[in-house]
Amino acid sequence: MARVRSYNRVVLSPYDLLRELEWLVGDWVDEGPDSLVESSYRWDANKTFLLNDFTVRVQGRKVLSGTQRIGRDPLSKQIKAWAFDSDGGYTESLWSSPDDDAWVIKAKGVRADGKVVTMTNQLTKLGQDRFRFDSVDRIAGEERMPDFSAIAVRKPPAVKR
């Protein structure tokens, strides 16, 4: 052996790579005049993935629910999410953070009716207890869908009596 080198290579855990999203952990709600969206984020047992369960209600009736798994894709080296809804649709998305408080999320999936959907979402942290969700360039099949924005707030704990 002519030469030996020792490297102190730091290997980050999946949790270390997702730590920027830890502020999402907890229960969130977005309430409109006729609608209610509830989301609950938590870590999986090994802190490898951030899990999100969501429910959408319109006029008090549950119209959609689902789950999302957010992790690091070892191939793209980006944060990636997979979402599955109660109708049988799914999406995959790649996340990037152009600045400290916003995440741009490029999503593509399939609705239960077989239509391919694409959209660009942005998740912007507005403080410890608020975030804005914007969705633009939304296309389902050949149909352009309207853009939308929502503000979610951290759901307060239940009142103890």
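Up top is the structure these notes are about.
Presented here is a report on the structure given in the accompanying data block. (Residues numbered from 1 in each chain as written. Predicted model: local features only at pLDDT ≥ 70, side-chain atom pairs only at ≥ 80, totals over all residues. Heavy atoms only, no water.)

What follows concerns the nonpolar core. Membership of the largest hydrophobic core comes to 18 residues, with the highest contact counts inside it found for Leu21, Leu24, Ile70, Trp95 and Leu123. Not counting residues within four places of it along the chain, the set of residues in contact with Ile70 comprises Leu18, Leu21, Tyr41, Thr48, Phe49, Leu50, Ile79, Lys80, Ala81 and Trp95. (Core = buried A, V, L, I, M, F, W, Y, C linked by side-chain atoms within 4.5 Å. Buried < 20%, exposed > 50% of the residue type's maximum accessible area, 1.4 Å probe, protein only. Contact = heavy atoms within 4.5 Å.)

A few words now on a nonpolar patch on the surface. Together, Leu126, Ile151 and Val153 give the surface a local cluster of nonpolar side chains, amounting to about 190 Å² of exposed area. Here Ile151 is to be found in strand β11 (residues 148–154). (Patch = residues over 30% accessible without salt bridge, like charges linked within 9 Å, V, L, I, M, F, W, Y side chains within 5 Å. Areas by Shrake-Rupley, 256 points an atom, 1.4 Å probe, with all protein chains shown as cover. Salt bridge = Lys/Arg side-chain N within 4 Å of Asp/Glu carboxyl O. Helix = DSSP H or I, 4+ residues; strand = E, 2+ residues; numbered from the N terminus.)

Together, Glu20, Asp99, Asp100 and Asp101 give the surface a local cluster of negative charge. Along the chain, Asp100 falls in the loop between β6 (90–99) and β7 (102–110). When its relative accessible area of 78% is taken as the criterion, Asp100 is described as exposed. (Lys, Arg positive; Asp, Glu negative; His and termini not counted. Charge placed at Lys NZ, Arg CZ, Asp CG, Glu CD.)

As a further point, take the environment of Gln59. Note on placement: Gln59 falls in the loop between β3 (50–58) and β4 (61–73). Given the relative accessible area of 66%, Gln59 is considered exposed. In the structure, Gln59 is positioned 26 residues away from Pro33 in sequence and 8.6 Å away in space, judged by C-alpha atoms.

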